[in-house]
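# Residue-level structure breakdown
What follows is the residue order along each chain.
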Amino acid sequence: MTASAHFADDLKLVAGELCLDFANTVDWHASKSPQERLKDYPRLVSWSREVGLLDDAGERRLRREAMEDPVAARKALKRAVTLREALYRTFVSVVHGRPIDASDLELLNNALAEAYHHLRLVSARNEFDWEWAGKPQDLQQMLWPIVRSAADLLTSDRRLKLGQCADDRGCGWLFLDTSKNHSRRWCAMEDCGNRAKARRHYQRSRRHEAVGRQEARGTD
């Protein structure tokens, strides 16, 4: 089984935006014990392949490059994680209406400047499109479209739809709330939503049992 196939076994893309899915590569992000998913550079490459930032050839090329230069691969991973955490803090601040940290904004601006350095306008058949241009072996190339996604989101009205999972144990995952009445509370109903539903059912059952016991004692 390839590394990408292994990563895909539990890959959850629930955010509705590339930059938010990237920010969600930590489980229990808002808890005291966050669980890192991008534990090494190959996992970053696997995630990038699964979300469509790399094709098969690009994935193989970056894996070879990382094996040939492991120091550069570790630096690329460190930069990716640093960018992710700045994005996460920024998005959480937007969700809760808090001021954006100046150092995080500076980091995002620096990453954005580098990303746009690799962006080119191309034409074909009287149509125009954007294209990423850079060295095919650049170990940080997956960060360019991620930071562009973040900039596009933050400068649009879609940022008003940003939400964070309401799980009280600290899931912390982010998403775009596209529901009609802006009522989405969970990263995914089948995960945190169902757990919350089961917990409420259990608590109601316990309350009913307690009331039943009190009533039974009252008739003694």
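Residues numbered from 1 in each chain as written. Predicted model: local features only at pLDDT ≥ 70, side-chain atom pairs only at ≥ 80, totals over all residues. Heavy atoms only, no water.

On a regular strand, one side chain projects to one face of the sheet and the next to the other, so that they alternate. Across 6 bridges, strand β3 (residues 119–124) lies against strand β4 (residues 127–132) in antiparallel orientation. When the bridges of β4 are listed, L119 appears paired with W132. In sequence, β3 turns back onto β4 through a hairpin of 2 residues, with R125 there showing a positive phi of about 55°. (Pairing = 2+ DSSP bridges. Helix = DSSP H or I, 4+ residues; strand = E, 2+ residues; numbered from the N terminus.)

Moving on, we get to unusual backbone geometry. One non-glycine residue, W28, lies in the positive phi region at around 55°. If you trace the backbone, W28 turns up in the loop between β1 (26–27) and β2 (35–36). Even without a glycine there, the phi angle at R125 is positive, about 55°. Among the structural elements, R125 can be located in the loop between β3 and β4.

In this structure, the second largest pocket spans a volume of roughly 150 Å³. What lines the second largest pocket is simply L87, L105, L108, N109, L112, V147, A150, A151, L154 and T155. Put simply, the parts of the chain that give the lining of the second largest pocket at least two residues each are α6 (102–117) and α7 (143–154). (1 Å grid on protein atoms, 1.4 Å probe; cavity = no way out; pocket = protein on both sides within 12 Å on 5 of 7 lines; lining within 4 Å. Points joined across faces, edges and corners; volume = space filled by probe spheres on them.)

What the rule picks out here adds up to 11 salt bridges. Among the ionic pairs, R158 bridges to E17, the shortest N-O distance being 2.6 Å. Taken together, the residues R158 in the loop between α7 and β5 (162–164) and E17 in the loop between α1 (3–8) and α2 (18–23) connect sequence positions 141 residues apart. A relative accessible area of 30% means that R158 is categorised as partly exposed. Under the relative-accessibility criterion, E17 is labelled buried at 16%. (Salt bridge = Lys/Arg side-chain N within 4 Å of Asp/Glu carboxyl O. Buried < 20%, exposed > 50% of the residue type's maximum accessible area, 1.4 Å probe, protein only.)

Purely spatial values, then, with no claim about function.
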